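A look at the structure
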Amino acid sequence: MSKHTLSVMVENEPGVLSRVAGLFSGRGFNIYSLNVAPTLEKGVSLMTIVAEGDDAIVEQIVKQLRKLVPTIKVKDLTELKSVEREMVLLKVNAEDSKRAEILRIVDIFRCKVVDVSVDELTIEVTGDQGKIGALVNLLTRFGIKEIARTGNVAMRRSMQIDL
Amino acid sequence: MKLTGAQILLKCLEEEGVDVMFGFPGGAVIDIYDEIPKSSVEHILVRHEQGAIHAADGYARATGRVGVCLVTSGPGATNTVTGIATAYADSIPVVIFTGQVPRALIGNDAFQEVDIVGITRPCTKHNYLVQDVNDLARTVKQAFYLARTGRPGPVLVDLPKDIQQQLAEFKYPEEVSMRSYKPTKMPHIGQIRKVVKLLKKAKRPLIYSGGGVITSGSHEELTWLGKTLHIPVTSTLMGLGAFPGDDGLFLGMLGMHGTYAANMAVNNCDLLLAVGARFDDRVTGKVDTFAPNATIVHIDVDPTSIQKNVSVQVPLVADCKPALAALKAETEGTLDEYDWAADHKEWVDKVQGWAKEHPLTYKDDTEGIKPQYVVEKIYEITKGDAIIATEVGQNQMWAAQFYKYNRPNTLLTSGGLGTMGYGFPAAMGAQRAFPDKLVIDIAGDGSIQMCIQEMMTVVCNKLPVKIVILNNGYLGMVRQWQELFYEKNYCATCMDAQPDFVKLAEAYGAAGFRVTEKKDVEKTLREAFKVDKPVIVDIRVEKEENVYPMVPAGASLTEMLLV
Ligand SMILES: Cc1ncc(C[n+]2csc(CCOP(=O)(O)OP(=O)(O)O)c2C)c(N)n1
């Protein structure tokens, strides 16, 4: 079992999300995260789906996705070099004594503080799974009170350089 | 001039050349029914919506055209779901029109509202809720196009009542353009050449043909290939009729109730050419031991079918027709220099030896009537020139084993879903398409009771369908499993409390016959087939006869229980 990131371009018509989601649930496949939004092209949406499964399962998923009538294009980005990003909002306990240390971490990770109160900080972070995992790890000991994640968005790289 | 949505719908159906639809009215489609008498489309009023969808499906299977059914919202729509799933499982082109509550009420739990688009999403090729009357014509055009192209299948169009009443300019689109759906599937010529190379190298090739050959209309190409290159042919249930059933190279069905020769051939072949078949578990038995010695070539229009159940060495995504035509074109040139017959002789002899050793047979050792005998007689009397529909169960397997199908579209049977109650309404649809043909539903006493209400439809529409009930007083196929694998615990499979089928036929205005002795079987069938109205022939067969050969579920194809 491994995680695969699928980029799926679909006609933006009613029911298309449930068609895609139904395809996973109807076959007992697990969706790890799913993100949908319109693209530059009118009437076309891009879904980024992170799904778990062995190679045979993922091959079936890709084929089944392609078979859906509203599907325009499916790419498995796992095999290609791609950029993956997720945005996460974290609300962290931050009494006076901890605040400085948390802000230092925010700095190192190039996050942004987007809301402050007497004893909490809300932090916005963008990054790939590795970076976000590391940040969550570091902040856990202060006490994360809430977390909201967008799920991955991904794009194939045009040049093979990581900036 | 502007037309109402209902008028537009009927104009679209006329444009599509639809001559008949099967349906049942209700408040949500009354506007459409109001227009039907003014159009050229005939409407056949069924007695249950399941009958309508199966009839549309039977019409489609018998003709190769798109079948159409029309039902109301809510319960009308949900009553079609079994039939939609049946058509989906067997890739049959049907278009289903359902009424829907007015748009303003959608989502409000209105009277007779159901989210039929949601319900049927996993069992249609595609479905639509029409939200704007200006989209109606284009949607209908797309629905028919989707239903019949690529891998065919059912397409549902949900029509809110207010859309049926609104006005719009009618213009039927000339063409369908969908950037996301491009079904023309020509074979990759490199792959075709690879297959020819493999065929030349193979000493023990076998063709495994499925329903895709029939749907794509490529039975002639398949037959040419088998006969000219001297390759034995085995078939799935759905593929029966694509290759002449009486040809010496034809081995019959493979799989759970397949022939000894077919299953042995699969086990021993060195090249398996799968065409329009999808390696269903009823066919493969235990997957790990399926065709253990073979290189597998798989031709299918649907890429999801390839590599799904078995691993395939040469995948070929293409419509069967151009693919087989390309194989023909590539091999035709070899016929002068290459002696296919000589090359395959040893293998063909071996396979035919197996067929002789263990032919399809049964022990005709009792006073009673053997169901297989009845099917054989039906074949003899009709000389194979009938359309056979079946119900599901033992009757279906005997109809597949003991009747020889020499032409495509002559066996209508629910293969993928195994829907009891399918056969009779499907026969009705086929009879409507071919009024002069003999159409016979080979039935079990259990299954026939699932859609028996359509007796009234066939009687009043003068559709002289013949129902032959192989009446064993049991849900026979389940009883067979109970006998073999559940220590004869015949729980809930005894069905000997039954209506008097002869009187039932007569009550509907049809004719009824009963046969209790073997000597009367042939005579009565002959007589019944001559009657110019619907008929039920209730034949009391041996109650505990089993279908053999049988590969127990999950066993290897070579582990057959023989007669
Ligand atoms: C709608 C539906 N319900 C249940 C089944 C399960 N089932 C498969 S075969 C069978 C027995 C059919 O009995 P009958 O129609 O009398 O035919 P026989 O096997 O006796 O020929 C049953 C119940 C089914 N296939 N379809």
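Residues numbered from 1 in each chain as written. Chains lettered and ligands numbered in written order. Predicted model: local features only at pLDDT ≥ 70, side-chain atom pairs only at ≥ 80, totals over all residues. Heavy atoms only, no water.

Some remarks on the nonpolar core
Residues and elements named next belong to chain B. Which entries qualify depends on this criterion: The term nonpolar core refers to a set of buried residues drawn from Ala, Val, Leu, Ile, Met, Phe, Trp, Tyr and Cys, joined through side-chain atoms within 4.5 Å. To sort residues, take the accessible area from a 1.4 Å probe on protein chains only and compare it with the maximum for the residue type: under 20% means buried, over 50% means exposed, and anything in between is partly exposed. Only DSSP runs of H or I with at least four residues qualify as helices, and only runs of E with at least two residues qualify as strands; both kinds are numbered from the N terminus onward. We call two residues contacting when some pair of their heavy atoms lies within 4.5 Å.
Core analysis: the biggest nonpolar cluster contains 73 residues, and Val374, Ile378, Val468 and Leu525 have the highest contact counts within it. Top contributing element to this core by residue count: helix α16 (residues 371–382), with six residues. Aside from chain neighbours lying at most four places away, what touches Val374 is Ile369, Val468, Leu470, Val521, Leu525, Ile539 and Val541. Judged by nonpolar contacts, the second largest core, of 49 residues, contains Ile96, Val117, Ala389 and Val458.

What to know about the sheet that holds strand β3 (residues 42–45) of chain B
All names here are of chain B. Put simply, the rule is: Strands were regarded as paired on the criterion that DSSP finds at least two bridges between them. To obtain an axis, a line is fitted to C-alpha atoms, over the contacting stretch when the element is a helix, and the angle between two such axes runs from 0 to 180 degrees between their N-to-C directions.
Across the sheet, six strands lie side by side as β3-β2-β4-β5-β7-β6; this open sheet has parallel pairing. Whereas interior strands pair on both sides, the edge strands pair on one side only; in this sheet they are β3 and β6 (126–129). On average, adjacent strands in this sheet sit at an angle of 20° to one another, irrespective of strand direction. In terms of strand pairing, strand β2 (residues 20–24) meets strand β4 (residues 67–71) through three bridges, oriented parallel. Looking across to β4, one finds that Phe22 is bridged to Cys69. Of the strands in this sheet, β5 (94–100) and β7 (154–160) are in contact with helix α5 (residues 81–89), which crosses β7 at around 145°.

Details of unusual backbone geometry
Note the cis peptide between Tyr548 of chain B and Pro549 of chain B, where omega equals 0°. Looking at the element boundaries, Pro549 of chain B is found in the segment after β20 (535–540).

Re the interface of chain A and chain B
Accessible area lost when the parts come together is the quantity often used to give the size of an interface. The test is simple: Buried area is understood as the total, over both parts, of accessible area removed when two parts are fitted together, assessed with a 1.4 Å probe. Salt bridges are defined as contacts in which a side-chain nitrogen from Lys or Arg sits within 4 Å of a carboxyl oxygen from Asp or Glu. For this analysis, a polar contact is any N or O atom pair within 3.5 Å, provided that within protein one partner can donate a hydrogen and the other can accept it, and provided that sequence-adjacent residues contribute only side-chain to side-chain pairs.
Facing the 18 residues of chain A at the interface are 16 residues of chain B. Summed over both partners, the interface of chain A with chain B comes to about 1,400 Å²; 46% of that surface belongs to carbon and sulfur atoms. Salt-bridge contacts for Lys67 of chain A lead to Asp302 of chain B; the nearest nitrogen and oxygen are separated by 2.7 Å. Remark: the boundary between chain A and chain B carries 10 residue pairs in polar contact (both at pLDDT 80 or more). Sort the elements by how many residues they give to the side of chain A that touches chain B and helix α2 (residues 55–67) of chain A lands first, with five residues.

Digging into the pattern of salt bridges
All names here are of chain B. Evaluated as defined, the whole model comprises 42 salt bridges over all chains. The partner of Lys161 in a salt bridge is Asp31, and the shortest N-O contact between them spans 3.6 Å. Of this pair, Lys161 sits in helix α8 (residues 161–165) while Asp31 sits in helix α2 (residues 30–35), and the two are 130 residues apart along the sequence. By relative accessible area, Lys161 is classed as partly exposed at 22%. One salt bridge connects Asp90 with Arg61, and the closest N-O pair in it is separated by 3.1 Å. With Asp90 in the loop between α5 and β5 and Arg61 in helix α3 (residues 49–63), this residue pair connects regions lying 29 residues apart in the sequence. Since its relative accessible area comes to 8%, Asp90 is described here as buried. Judged by its relative accessible area of 7%, Arg61 is buried. Within the structure, one salt-bridge network assembled from shared partners comprises Lys377, Glu380, Glu522 and Arg526.

Quick notes on the packing of helix α12 (residues 260–268) of chain B against helix α15 (residues 340–357) of chain B
All names here are of chain B. To keep it simple, the criterion reads: Note on convention: near helix rotated counterclockwise from far helix by under a right angle means a left-handed crossing. Clockwise means right-handed. Amino acids outside the nonpolar list (Ala, Val, Leu, Ile, Met, Phe, Trp, Tyr, Cys, Pro) and the charged list (Asp, Glu, Lys, Arg) are all regarded as polar, and Gly is one of them.
One can describe the packing of α12 onto α15 by two numbers: an axis separation of 8 Å at closest approach and a directional angle of 145°. The crossing of α12 and α15 is right-handed. Residue-level inspection shows Tyr260, Ala261, Met264, Ala265 and Asn268 of α12 in contact with α15, the latter providing Trp347, Val351, Trp354, Ala355 and Glu357. In the contact of α12 with α15, the residues fall into eight nonpolar, one polar and one charged.

Focus: the site of the ligand
Residues and elements named next belong to chain B. Threshold: Summary of the distance rule: residues count as near a molecule or strand when at least one heavy atom falls within 4 Å of that molecule or strand. The method behind every accessible area is Shrake-Rupley, applied with a 1.4 Å probe, and residues are considered shielded solely by the protein chains displayed.
Taken together, 17 residues lie near the ligand, and Gln394, Gly418, Gly446, Ser447 and Gly476 sit nearest. Within the contact set of the ligand, a nitrogen atom lies 2.8 Å away from a backbone nitrogen or oxygen of Gly418. Between the ligand and the protein, one listed contact pairs an oxygen atom with a backbone N or O atom of Gly446 at 2.9 Å. Look at the ligand: alone it shows 580 Å² of surface, and the protein chains cover 76% of it. Going through the elements one at a time, α17 (394–402) and α20 (476–485) are the ones with two or more residues in the shell around the ligand. A breakdown of the residues in the shell around the ligand according to their chemical character gives seven nonpolar, nine polar and one charged.

Here's the deal with the side chain of Glu84 of chain A
Residue and element names in this part refer to chain A. Inclusion rule: Within this scheme the basic residues Lys and Arg register as positive and the acidic residues Asp and Glu register as negative, but His and the chain ends are omitted.
Its location among the elements puts Glu84 in strand β5 (residues 82–93). Within the buried core, Glu84 has no salt-bridge partner, and the shortest N-O distance to an opposite charge, that of Arg85, equals 8.0 Å. Within polar-contact distance, the side chain of Glu84 engages the side chain of Thr5 at 3.1 Å. A distance of 2.5 Å separates a polar atom in the side chain of Glu84 from a polar atom in the side chain of Asn152. Excluding anything up to four places from it in sequence, Glu84 contacts Thr5, Gly127, Asp128, Asn152, Val153 and Ala154.

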